[in-house]
Amino acid sequence: MKSKSAVCAMGALAIGLALGSFARAETDVSHKLLQPQDIQWGPGPAALPGGAEAAVLFGDPNKDGLFALRVRIPKDYYIAPHTHAKAEVVTILSGRFSLGMGSKANRASTQHVGAGGFVSIQPEIPHYVFADEETVLQITSTGPWGINYVDPKDDPRLNIAPRHKEGLGLQD
């Protein structure tokens, strides 16, 4: 049986994700324990291309302060070159993706990061991602969180970004 606070947190997450924002996870408790089966997935942030799913585990990525965000991306998923205003710490929980550094995506210059892998990226460093298979990753950072695409045409919030990596002029 789920606790009342767990049910409330899951409801808040579902409402926040449905509105295109992050839900506020519990941060006013001395500790939080969340079992894998209790994680409630919803649509990914609007700043990511469609197809991603997300769950806020701790904190609120929209506000100042520490947060933990879990993201599940499908195979062949692509996140175009982008930066973040704050440092990110990423742990790969399952699957594998390829990480590239720089403002131009080049599949041949990426590094594979598999389950158990760890990546830290400092603020304003351009990077991009190709999912080699379905991948679950956990982002820990301080909010407010956001993505700034190197080329605004890649930003899915503007509704002009291509839906698939084909036709992006990427080198394989």
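You'll find the structure just up there.
What counts and how
Residues numbered from 1 in each chain as written. Predicted model: local features only at pLDDT ≥ 70, side-chain atom pairs only at ≥ 80, totals over all residues. Heavy atoms only, no water. Pairing = 2+ DSSP bridges. Helix = DSSP H or I, 4+ residues; strand = E, 2+ residues; numbered from the N terminus. Contact = heavy atoms within 4.5 Å. 1 Å grid on protein atoms, 1.4 Å probe; cavity = no way out; pocket = protein on both sides within 12 Å on 5 of 7 lines; lining within 4 Å. Points joined across faces, edges and corners; volume = space filled by probe spheres on them. Nonpolar A, V, L, I, M, F, W, Y, C, P; charged D, E, K, R; others polar.

**Q** Could you give an account of the sheet that holds strand S1 (residues 42–43), naming the residues involved and the relevant values?
**A** Spatially, the six strands line up as an open sheet ordered S1-S2-S3-S10-S5-S8, and their pairing is antiparallel. Of all strands in the sheet, those bounded by a partner on one side alone are S1 and strand S8 (118–121). As paired elements, strand S3 (residues 65–73) and strand S10 (residues 135–143) share nine bridges and run antiparallel to each other. Bridge pairing in S10 links glycine 65 to glycine 143.

**Q** How would you explain the side chain of serine 98 if you had to name every residue and give the values?
**A** Counting through the fold element by element, serine 98 comes out in strand S6 (residues 96–101). If we ignore the near neighbours within four places in the chain, the residues touching serine 98 are Arg107, Thr110, Gln111, His112, Tyr128, Val129, Phe130 and Asp132.

**Q** Can you explain the sheet that holds strand S9 (residues 127–131)? Please cite residues and give values.
**A** Each strand in a sheet pairs with another by means of backbone hydrogen bonds, the pair being arranged parallel or else antiparallel. If you trace the five strands from one edge of the open sheet to the other, you get S7-S6-S9-S4-S11, paired in antiparallel fashion. Each edge of the open sheet is held by one strand with a lone partner, namely strand S7 (111–114) and strand S11 (148–149). Where S6 lies against S9, five bridges are found, and the strand directions are antiparallel. Each bridged residue has a counterpart across the sheet, and for serine 98 the counterpart in S9 is phenylalanine 130.

**Q** Break down empty space enclosed by the protein for me, with residues and values.
**A** One pass over the structure, following the stated rule, counts one cavity of 30 Å³ or more. Estimates place the volume of the largest cavity at around 230 Å³. Around the largest cavity, the lining comprises 19 residues; the ones closest to its centre are Ile79, Glu88, Val129, Leu137 and Ile139. Only S3, strand S4 (78–83), strand S5 (88–94), S6, S8, S9 and S10 provide two or more residues apiece to the lining of the largest cavity. Ranked by residues supplied to the lining of the largest cavity, first place goes to S3 with three residues. Of the residues that constitute the lining of the largest cavity, the class distribution is 15 nonpolar, three polar and one charged.

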